[in-house]
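# Notes for the structure review
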Amino acid sequence: MKKIKVYLLKFKLFYLKLLGKIKKIDNSIEVNQNNKNKTKNVLIIFPIKEQEFRVALYSLRNLVKKENVNYYYLINSVYKNNFHLNGHIYDLYYNVKKNKVVIDSYFSNEIAMKNNFDFIIDLNNEFVFDISYLINKMSSYYKVGFKNSYSDYFYNIQFDLDSFDILEDGYKQINILLK
């Protein structure tokens, strides 16, 4: 059953690539202090699974909200009561049986398509097609995620989890990137 899902995902990605709806991210980016000072909008997508969500929330507990920076968070609606970071919070709805993520329609239609984000950060350590596809459609200079077999199409900054002993170390590196 798992092989069928992998083949369906590959077929879906091939089809979208063929239609030109997804393209590989341009690898040439410049990172300097001037870009960090101009940051205005940051989107952080929290993991959809509980254990990873808790680790990410713990790792980013000391995220300091900077002046003149708008933080947007997409979180699984199940964990909304446990969320304590300041910013604009929008829901993700995760259907475990279908392995499908539905994103808050107001966010996907209004916020995602009308705002230019300086950083889009996906904290999911596993590939989630629905989230990655949304990220691909959004406008952002930095798109950050974890390395996987499809990440070249969606992220221009990728963290390799194999180089970290635990997932928390990967999240801490992303936290450092935001400082």
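These lines cover the structure that appears in this document, whether it is placed above or below. The structure presented is a predicted model; accordingly, all values stated were derived computationally and were not measured.

### Some thoughts on the environment of Lys40
You can see Lys40 is positioned in the loop between helix H2 (33-37) and strand E1 (41-45). Considered as a pair, Lys40 and Asn116 are 76 residues apart in the sequence and their alpha carbons are 8.9 Å apart. Discounting chain neighbours no more than four positions away, the residues touching Lys40 are Asn68, Val69, Asn70 and Asp118.

### Some remarks on the layout of surface pockets
In this structure, the largest pocket encloses a volume near 840 Å³. Lys5, Leu9, Asn99, Phe127 and Phe129 are the residues nearest the centre of the largest pocket, which is lined by 25 residues in total. Per-element tally for the lining of the largest pocket: the top contributor is helix H1 (residues 2-19), with 7 residues. Here the residues of the lining of the largest pocket are counted per class, giving 13 nonpolar, 3 polar and 9 charged.

### Section: unusual backbone geometry
The residue Asn68 is not glycine, and still its phi comes out positive at about 65°. Note that Asn68 resides in the loop between helix H3 (50-59) and strand E2 (70-76). The exposure class assigned to Asn68 is exposed, which follows from its relative accessible area of 68%. Even without a glycine there, the phi angle at Asn99 is positive, about 50°.

### Details of the sheet that holds strand E7 (residues 157-159)
As a general point, the strands of a sheet are linked pairwise by backbone hydrogen bonds and lie either parallel or antiparallel. With mixed pairing, the 7 strands of this open sheet are ordered in space as E4-E3-E2-E1-E5-E6-E7. At either margin of the open sheet sits one strand with a lone partner, and together these are strand E4 (100-103) and E7. Direction aside, the axes of adjacent strands within the sheet are offset by 15° on average. Taken together, the 4 bridges between strand E3 (residues 88-95) and E4 define a ladder with antiparallel strand orientation. Looking across to E4, one finds that Asn95 is bridged to Lys100.

### Structural notes on the packing of aromatic side chains
Summed over all chains, the structure comprises 16 aromatic pairs. A centroid spacing of 5.8 Å and a plane angle of 40° characterise the contact between Phe127 and Phe154, whose relative ring orientation is tilted. Of this pair, Phe127 sits in the loop between strand E5 (117-122) and helix H5 (129-137) while Phe154 sits in the loop between strand E6 (140-146) and E7, and the two are 27 residues apart along the sequence. Grouped by ring-pair contacts, the aromatic residues Phe46, Phe53, Tyr71, Tyr73, Tyr79 and Phe83 constitute a single cluster.

Rules used in this analysis
Residues numbered from 1 in each chain as written. Predicted model: local features only at pLDDT ≥ 70, side-chain atom pairs only at ≥ 80, totals over all residues. Heavy atoms only, no water. Helix = DSSP H or I, 4+ residues; strand = E, 2+ residues; numbered from the N terminus. Contact = heavy atoms within 4.5 Å. 1 Å grid on protein atoms, 1.4 Å probe; cavity = no way out; pocket = protein on both sides within 12 Å on 5 of 7 lines; lining within 4 Å. Points joined across faces, edges and corners; volume = space filled by probe spheres on them. Nonpolar A, V, L, I, M, F, W, Y, C, P; charged D, E, K, R; others polar. Buried < 20%, exposed > 50% of the residue type's maximum accessible area, 1.4 Å probe, protein only. Pairing = 2+ DSSP bridges. Axes fitted to C-alpha atoms, helices over the stretch in contact; angles between N-to-C directions. Phe/Tyr/Trp six-rings, centres within 6.5 Å; stacked < 30°, edge-to-face > 60°.

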